[in-house]
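Single-letter residue listing:
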Amino acid sequence: MKDGDKRLELLEITLGRTLRAGLISSISVILFGIVLAIVNHPELREAGSLHKFIAPGGYALTGFHGIVDGLKEFKAMAWISLGIFMLILTPTVRVGISFFIFWYQGDKKFMVITAIVFTLLMVSLVLGSTVL
Amino acid sequence: MSPLLFTVLLFFLSAAGGFLGSLAGIGGGIIVVPALTLLFGVDIHLAIGASIVCVIATSTAAAAAYVREGMTNVRVGMFLEMGTVTGALIGATLGGILNPGLLFILFGAIVGYSALMMLKQVGKGIGSSVAAENRISKWLNLNGSYYDQAVGKEIPYKVAHPLIGGVLMIFAGMVSALLGIGSGSLKVPVMDIAMKLPIKVSSATSNFMIGVTAAASSMIYFARGDINPFLAAPTAVGITLGALIGTRVMTRMHSRSLRILFVFLFFFIGIQMIWKGFGTL
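Residues numbered from 1 in each chain as written. Chains lettered and ligands numbered in written order. Predicted model: local features only at pLDDT ≥ 70, side-chain atom pairs only at ≥ 80, totals over all residues.

### Some remarks on the overall build of chain A
Stage number 1. Along the backbone of chain A there are five helices and zero strands.
Stage number 2. Walking chain A from its N terminus toward its C terminus, one meets helices and strands in the order α-α-α-α-α.
Stage number 3. By the burial criterion, 33% of the 132 residues in chain A qualify as buried.
Stage number 4. Taking the intrachain contacts of chain A between residues at least 6 apart in sequence as the baseline, contacts between residues at least 24 apart amount to 59%. (Helix = DSSP H or I, 4+ residues; strand = E, 2+ residues; numbered from the N terminus. Buried ≥ 20, exposed ≤ 12 C-beta atoms within 10 Å, placed from the backbone. Contact = placed C-beta atoms within 7 Å.)

Here it is in structure tokens:
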């Protein structure tokens, strides 16, 4: 079983690294967005305007075009949204990478299982954007 | 209160929640939703959206650590993810339609249930029964082993009832997506009791699955506009930093008195949420 242990190690170490890299990069992007918000948005310091920010449907950037345009203009909310999106993608990337590791190891059954999970994740992405 | 002050308060509150939560072995969501709705009066749909992002962050941090220690059964996790992700799709779709009052009541019930589960764990020691050989587990090569630090050796185990586990995980995924929580308190008993996995493996594998489950529902919440960056950013960053510091301070030593404190806190929160739910129905 020594060979089997080694195979598992490859999977576990790669997945551990993927998760950590995804977490660190997405949290950094969110932090950058927060700094932009503090520097560029003096209205954040106005007392009494809080309700505008936490009202339902009031302050969410949706649609990828809006986010991409906002990134170019260094809009705080666009950068924060990008970081959040990267965070959401981290587990998805983890599933994708596992598929290739199972492929490399010739484990057909688990290639099917990871492919099903990945497809379901893609369905949720499509379902989410078409509900709008 | 100015929006900036609100952000700073939210950050420190989330950091404290992430820190104490990681010491007690509790994920972020079950703290974030009550804090946002009860303390700050945020709409529950937005609170759930912000919370599900925090759940990805804390479970990713924990999963990265556990998976490297070899405590996670990656194969069992991926097999069960088929169930949790299916449940998450159903839950997140339902979440947008359900009445806020009903969400408060459901949340209160789940928090109360989690408190009961924690109380049970504080009372009893870790007892694991040995499973018989299961044909599907053998076919999918799900059986595994883990290194027990207390005994100082590698302990092999067999996995029972994988199909029953998978079906029960649909329900766990649904609750997770609907309420913006990791629902580890539902996943761990399924693996621990029904599938007869050792308790340490169950909780590590639960953390591993939570990220993927939360990612599925987050995409729907994100596209629907229920993830408000103004709320999600300080909570996600705060809770991640808090949890990282927590795991540095005390590696996997879940303090008993802290858990008892959380049991009382959870009962209190549960009653508050249900009370508010009936008020807004």
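Text resumes after the structure shown.
### Regarding the overall build of chain B
Stage number 1. On a plain count of helices and strands, chain B comes out with eleven helices and two strands.
Stage number 2. Listed N to C, the secondary structure of chain B is α-α-α-α-α-α-β-β-α-α-α-α-α in terms of helices and strands.
Stage number 3. Expected size for 281 residues packed as a compact globule is a radius of gyration near 19 Å; at 18 Å, chain B falls within 12% of this value.
Stage number 4. In terms of overall dimensions, chain B has C-alpha extents of about 60 × 40 × 30 Å along its principal axes.
Stage number 5. The buried share of chain B, reckoned over its 281 residues, is 60%.
Stage number 6. Here the contacts in chain B between residues at least 6 apart in sequence split such that 83% fall between residues at least 24 apart. (Rg over C-alpha atoms; globule rule 2.2 N^0.38 Å.)

### Thoughts on unusual backbone geometry
Working note: non-glycine residues mostly have negative phi, and peptide bonds are mostly trans.
All names here are of chain B.
Stage number 1. Within the chain, asparagine 141 stands out as a residue other than glycine whose phi angle is a positive 60°.
Stage number 2. In this structure, asparagine 141 sits in the loop between helix H6 (135–139) and strand S1 (144–148).
Stage number 3. Not every positive phi belongs to a glycine, and lysine 196 is a case in point at roughly 60°.
Stage number 4. Along the chain, lysine 196 turns up in the loop between helix H8 (184–194) and helix H9 (199–224).
Stage number 5. Judged by the 20 C-beta atoms lying within 10 Å of it, lysine 196 falls in the buried class.

### Some points on the nonpolar core
Stage number 1. Core analysis: the biggest nonpolar cluster contains 122 residues, and Ile30(A), Ala50(B), Val53(B), Ala57(B), Leu179(B) and Ala236(B) have the highest contact counts within it.
Stage number 2. Top element by residues in this core is helix H3 (residues 44–69) of chain B. It accounts for 18 residues. (Core = buried A, V, L, I, M, F, W, Y, C linked by C-beta atoms within 7 Å.)

### Focus on the packing of helix H4 (residues 76–104) of chain A against helix H10 (residues 229–249) of chain B
Stage number 1. In the contact formed by H4(A) and H10(B), the axes pass within 10 Å of each other and the chain directions differ by 60°. In terms of orientation, H4(A) lies oblique with respect to H10(B). Here H4(A) and H10(B) pass one another in a crossing that is left-handed. Facing H4(A), whose interface residues are Met77(A), Ile80(A), Ser81(A), Ile84(A) and Leu87(A), H10(B) presents Pro229(B), Ala232(B), Ala233(B) and Ala236(B).
Stage number 2. Taken together, the residues that form the contact of H4(A) with H10(B) break down as eight nonpolar, one polar and no charged. (Axes fitted to C-alpha atoms, helices over the stretch in contact; angles between N-to-C directions. Parallel < 35°, antiparallel > 145°, perpendicular 65-115°, else oblique. Left-handed = near helix turned anticlockwise from the far one by under 90°. Nonpolar A, V, L, I, M, F, W, Y, C, P; charged D, E, K, R; others polar.)

### Section: the pairing of S1(B)
All names here are of chain B.
Stage number 1. The pairing of S1 with strand S2 (residues 153–157) spans five bridges and is antiparallel. Paired with aspartate 148 across the bridge in S2 is lysine 153.
Stage number 2. What sits between the antiparallel neighbours S1 and S2 is a turn of four residues, in which glycine 152 has the positive phi angle 85°. (Pairing = 2+ DSSP bridges.)

### Observations regarding the interface of chain A and chain B
Stage number 1. Of the residues lining the interface, 57 residues belong to chain A; the matching set on chain B comes to 50 residues.
Stage number 2. For the side of chain A that touches chain B, the elements supplying multiple residues, two or more each, are helix H1 (2–40), helix H2 (50–54), H4 and helix H5 (108–131) of chain A.
Stage number 3. When its residues are assigned to classes, the side of chain A that touches chain B shows 38 nonpolar, 14 polar and five charged.

### A look at the environment of Gly238(B)
All names here are of chain B.
Stage number 1. In this structure, glycine 238 sits in helix H10.
Stage number 2. The exposure class of glycine 238 is buried, given the 27 C-beta atoms found within 10 Å.
Stage number 3. Residues glycine 238 and leucine 10, spaced 228 residues apart in sequence, show a C-alpha to C-alpha distance of 7.9 Å.
Stage number 4. If near-sequence neighbours (up to four positions away) are discounted, glycine 238 is found in contact with Leu10, Phe11, Phe12, Ser14, Ala15 and Gly18.

### Side note on H4(A)
All names here are of chain A.
Stage number 1. When the terminal C-alpha atoms of H4 are compared, their 41 Å separation across 29 residues agrees well with the 42 Å that a helix rising 1.5 Å per residue should span.
Stage number 2. Within H4, the axis deviates most sharply at threonine 90, by approximately 30°, and proline proline 91 lies no more than four positions further along.
Stage number 3. Trailing H4 by a residue or two, glycine 106 shows a phi angle of about 70°, which is positive. (Expected span 1.5 Å × (residues − 1). Bend = angle between axes of the 7 residues up to and from the residue.)

### Regarding the confidence of the model for chain B
Stage number 1. For chain B, the mean per-residue pLDDT works out to 86, and 95% of the residues sit at or above 70.
Stage number 2. The least confident element of chain B, judged by mean pLDDT, is S1(B) at 82; the most confident is helix H4 (residues 74–95) of chain B at 94. (pLDDT = per-residue confidence, 0-100.)

### Here we look at H4(B)
Residues spaced three or four apart along an α-helix face the same direction, because each turn holds 3.6 residues.
Residues and elements named next belong to chain B.
Stage number 1. In a regular helix each residue adds 1.5 Å, so 22 residues correspond to 32 Å; H4 covers 29 Å between its end C-alpha atoms and thus fits that length.
Stage number 2. Along H4, the sharpest change in direction is near 35° and occurs at glutamate 81.
Stage number 3. Counting buried positions along H4 yields 18 of 22 residues, so the element is predominantly enclosed.

### Some words on the packing of helix H1 (residues 3–24) of chain B against H10(B)
Between two packed helices, what matters for the description is the angle formed by their axes and the separation of those axes.
Residues and elements named next belong to chain B.
Stage number 1. Packing of H1 against H10 leaves a shortest axis separation of 6 Å and a crossing angle of 35°. The two elements H1 and H10 cross, and the hand of that crossing is right-handed.
Stage number 2. Class assignment of the residues belonging to the contact of H1 with H10 gives a composition of 13 nonpolar, twelve polar and no charged.

### Thoughts on the confidence of the model for chain A
Keep in mind that low pLDDT regions are not for reading the predicted coordinates in detail.
Stage number 1. For chain A, mean pLDDT is 82; residues scoring 70 or higher make up 83% of the total.
Stage number 2. Confidence, read as mean pLDDT per element, is least for helix H3 (residues 64–72) of chain A in chain A (73) and greatest for H4(A) (92).

### A word on the environment of Ser183(B)
All names here are of chain B.
Stage number 1. Structurally, the position occupied by serine 183 is in the loop between helix H7 (162–179) and H8.
Stage number 2. Residue serine 183 is classed as buried on the basis of its 33 C-beta neighbours within 10 Å.
Stage number 3. Placed 38 residues apart in sequence, serine 183 and tyrosine 221 show a C-alpha to C-alpha distance of 17 Å.
Stage number 4. Not counting chain neighbours up to four residues away, the residues in contact with serine 183 comprise Ala172, Val175 and Ser176.

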